[in-house]
Amino acid sequence: MAMAVAHHRENSSNNSGSIDKHLDSISGKYVRYTAEQVEALERVYAECPKPSSLRRQQLIRECPILSNIDPKQIKVWFQNRRCREKQRKEASRLQTVNRKLSAMNKLLMEENDRLQKQVSQLVCENGFMRQQLHTTPAATTDASSDSVVTTTQHSMRDANNPAGLLSIAEETLTEFLSKATGTAVDWVQMPGMKPGPDSVGIFAISQSCGGVAARACGLVSLEPMKIAEILKDRLSWFRECRSLEVFTMFPAGNGGTIELVYTQTYAPTTLAPSRDFWTLRYTTTLENGSIVVCERSLSGTGTGPNPAAAAQFVRAEMFPSGYLIRPCEGAGSIIHIVDHLNLEAQSAPEVLRPLYESSKVIAQKMTIAALRYIRQIAQETSGEVVYGLGRQPAVLRTFSQRLSRGFNDAVNGFNDDGWTIVNCDGAEDVIIAVNPAKYLNGTSNSASSRAFLGGVLCAKASMLLQNVSPAVLVRFLREHRSEWADFNVDAYAAASLKADTYACPGMRPTRFTGNQIIMPLGHTIEHEEMLEVIRLEGHSLAQEDTFVSRDIHLLQICSGVDENAIGACSELIFAPIDEMFPDDAPLVPSGFRIIPLASKQGDKKVQTLGLTSGLEVVPMTVHGADASNQNTRSVLTIAFQFPFDRNLQDNVAIMARQYVRSVISSVQRVAMAISPSGISPGVGAKLSHGSPEALTLAQWICLSYSYHLGTDLLRSDSLVGDLMPKHLWHHQDAILCCSVKLLPLFIFANQAGLDMLETSLVALQDITLDKIFDESGRKTLYAGFAKLMEQGFAYLPGGICMSTMGRHVSYEQAIAWKVFNAEDNTVHCLAFSFINWSFV
């Protein structure tokens, strides 16, 4: 049946005979409805926009005023009503999109005007410099003197003279606006952040100004006053903000307010001190209705409520920065954000100074984070964001903030929080800190808080990684937890959180089944951060608890998995929780943070950071095209927290130190396996310390196979150049190589081999050859081993082997052969090919 076309005409309100006209698709005539009939139909439509035939017949029986209307005509009325509703929603959506595009077009035009002014200014400066080249030395001296005077005008202002605070505020406002919409700073587009219809905003970083600076502008569908309130609450969106206190606030006399603010920030690693700021913040409204919140550092003696605690910080400087929020009719607000800081990079170890000298890092941590957070709130307010497990968006945001804040507290270990370092003489690779008064505050509700009888112990360390992508490493740690984590340690941490339960290491032995289930809770609008619940499936090994589930649940945030995000750090932070964790559940976060450092091209030597933060210079060889990859560096910070009873502090400290060292060792192996400077078949990393590079190893495997068996392992067209490792990696048979030792360890497997053993390249190196066979399989292997060593190859009959997960694998036949080192004709390893394998 053809869709009914609605030609709906509603009479004006001054027409007493209000009638609704519809075209009947059957008779082709208009059907007139009275106001009472339309009202009755609208009531049903509000409850059920698409009623069934039985419901329409019931409607006619219950409403006598509809008895004279054919049921088919009522069906057409509902069709037309749904069509009108759809058209109305689409028209409203298009109007909203049009308003947003108009506002964005206005923003882009203003940005274009600013860039044209900047070009004109640069042309003038270029002409002036040309003239200067022909002037006398005396004139050059005068010009330099003027420059010195200009620079002096930008020094920090003193807060000890309250009478001058208003003039400082007005000057700060002027300088901030010149950066936000003018040409006071030479802005260049942030790499990898091109503006477009789907982008969050327009981002730029400073080219040559003093300190580090970043700028952002974007459109957000919130009112200016609401945006100003959110941005002033820096604790809610700036993850590195530890505290923000307003010490003095008074009206400015022009409708604005002036505040003296003391802010403390976290250090991102264990190797550098934290920063604090003593600033003047000025909030005012401009004549065009725009709201401005601008801020700058003050000199003087503002050190916050605890001078002893402030001694742990390095005083950083904030140049005129802030937020310009302009109302945009029908589309919300246009925001301009400027962050301009001097982070006193000289106070950090030299290898970490790029973190404090990079405008890209500041842009990611502060400027872009602020705009993203505002847009997130706007989408949540409009109902565009859908979250899992029935949790409200504000609750999930709070969980993310608490995980990040708890991890930062552990990494920094501030004295005024109760942290003290235990038995650290500077030579330990892992730092142990104890907080005997640590409370696990769920929320501000004290009823949900509880203290441990002993407190919380933290084991933490930092190290430098070479040639490893932080995003790739974090993704691997997230997806392959069994490669680095100990299930029994997770079980201990989870048991410690239960009320009145204290367990000690070596409590009930539990076996991890290998299943890790990730249940997403929510994510930010650009998926740069994910909040999820992890379920680790386990079973007790005790006889009486054989059928008792020992599953562990973790609340986890993962961020920085986009490899194209310039300057962004990558984090994996988690905390054990109860299966039905309430909104105020206590959290003891642990995890990893990996921060990329700026590369130094052309360096022949690279400074390497040890776990004890000492520096040593190690030579580094760079080969041709790989030079750009060889200089990439990042700082990895690990912190694990363990609640404990006071009687078990020493035992927990020993366990924590050993555990973190084992995690470090595992992460180093993972980093080596995924490093692009080596040769893993998937990403090009080295297989182990003693392995040749991929192309060489592939050649040795294939040439040895042909020599011993008289046939090619790969097709002839696969034996050319760099194609050989790729085709060997994707070969349909499971190919594995093991060392020639008394206890042969696997050193390589192709993709099919890893799938058959249900393992990874990193974990493969801990598996011995005999472990994959049962008793009969080992007898068959030993029987053919003598023949293998004598003639260089052996055919093994079909049989059964086992994966690392305990699953049985059948194979039709296995071929074993010696792999020769072509350079010295020695046996490099033994290779095995399992043909037509499958899980039983």
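What comes next concerns the included structure. Worth saying up front: this structure is predicted, and the values here are computed from it rather than measured.

Here's the deal with the pairing of strand β28 (residues 633–644)
On a regular strand, each side chain points to the face opposite its neighbour's, so the side chains alternate between the two faces of the sheet.
Next up, step 1: Summarising burial for β28: 12 of the 12 residues are buried, a large majority.
Next up, step 2: Relative to β28, strand β20 (residues 455–466) runs antiparallel, the two being bridged by 12 bridges. Within the sheet, the bridge partner assigned to S462 lies in β28 and is T637.
Next up, step 3: Pairing analysis gives seven bridges linking strand β25 (residues 590–597) to β28, with the strands arranged antiparallel. For F592, the partnering residue across the bridge sits in β28 and is I638.

Considerations on the environment of V819
Next up, step 1: When you line up the elements, V819 lands in strand β32 (residues 808–821).
Next up, step 2: Considered as a pair, V819 and Q699 are 120 residues apart in the sequence and their alpha carbons are 9.7 Å apart.
Next up, step 3: In contact with V819, other than residues within four places in its own chain, are W700, I701, S704, T826, V827, H828, C829 and A831.

As for the pattern of salt bridges
As a working rule, side chains carrying opposite charge can pair if their charged atoms are close by.
Next up, step 1: The final tally for this structure, using the stated rule, is 19 salt bridges.
Next up, step 2: Where E259 meets R281, a salt bridge forms, and the shortest distance between an N and an O atom there is 2.9 Å. Taken as a pair, E259 in strand β9 (residues 257–265) and R281 in strand β10 (residues 274–285) lie far apart in primary sequence, 22 residues in all. Comparing E259 with R281, the two get one shared label, buried.
Next up, step 3: Notably, a salt bridge pairs E380 with R397, separated by 2.1 Å at the nearest N-O pair. Of the two residues, E380 sits in helix α10 (residues 359–382) while R397 sits in helix α11 (residues 393–412), which places them 17 residues apart along the sequence.
Next up, step 4: Classification of E380 by relative accessible area gives buried; the value is 15%.
Next up, step 5: One connected set of salt bridges, linked through shared partners, spans E42, R81, E85 and R88.

As for the side chain of D645
Next up, step 1: Looking at the element boundaries, D645 is found in the loop between β28 and α15 (649–674).
Next up, step 2: Among the polar contacts listed, one links the side chain of D645 to the backbone nitrogen of N647, at a separation of 2.9 Å.

Here's the deal with the nonpolar core
Next up, step 1: Judged by nonpolar contacts, the single largest core of 51 residues is most densely connected at L473, W484, F592, F640 and F642.
Next up, step 2: For this core, the element with the highest residue contribution is α15, accounting for 13 residues.
Next up, step 3: Residues V212, V220, I230 and W237 belong to the second largest nonpolar core, which totals 50 residues.

Focus on the environment of G210
Next up, step 1: With respect to the helices, strands and loops of the structure, G210 is situated in the loop between β6 (202–206) and β7 (212–220).
Next up, step 2: Accessibility expressed as a relative area gives 49% for G210, which makes it partly exposed.
Next up, step 3: Along the chain, G210 and H340 lie 130 residues apart, while their C-alpha atoms are 8.7 Å from each other.
Next up, step 4: When near neighbours in sequence (up to four residues on either side) are disregarded, G210 contacts F319 and H340.

Overview of a nonpolar patch on the surface
Next up, step 1: The grouping of V740, M789 and V827 at the surface amounts to a nonpolar patch, some 200 Å² of accessible area in total.
Next up, step 2: When you line up the elements, V740 lands in the loop between β29 (734–738) and β30 (746–749).

Reading guide: rules and limits
Residue numbers run consecutively from 1 along every chain, following the written order of its sequence. Confidence filtering applies because this is a predicted model: local features only for residues at pLDDT of at least 70, side-chain atom pairs given and counted only at 80 or more, and all residues used for totals across whole chains, interfaces and linings. In computing side-chain values, all of the structure's heavy atoms are included and hydrogens and water are not. Three exposure classes are used, based on accessible area relative to the maximum for each residue type with a 1.4 Å probe and protein chains only: buried under 20%, partly exposed in between, and exposed over 50%. For helices the rule is a DSSP run of H or I covering at least 4 residues; for strands it is a run of E covering at least 2, with both sets numbered from the N terminus onward. DSSP-based pairing: two strands are paired if at least 2 bridges between them are found. Only heavy atoms enter the contact rule, under which two residues are in contact if any of them lie within 4.5 Å. Should a side-chain nitrogen of Lys or Arg be within 4 Å of a carboxyl oxygen of Asp or Glu, the pair is scored as a salt bridge. Two N or O atoms form a polar contact when they lie within 3.5 Å of each other; inside protein one atom must be a possible hydrogen donor and the other a possible acceptor, and for residues adjacent in sequence the pair counts only when both atoms belong to side chains. What we call a nonpolar core is a set of buried Ala, Val, Leu, Ile, Met, Phe, Trp, Tyr and Cys residues that are connected through their side-chain atoms within 4.5 Å. Candidates for patches are residues over 30% relative accessible area with no salt bridge; among them, like charges are joined within 9 Å and nonpolar side chains (Val, Leu, Ile, Met, Phe, Trp, Tyr) within 5 Å. Only the protein chains shown count as cover for residues, with accessible areas throughout obtained via the Shrake-Rupley method and a probe of 1.4 Å.

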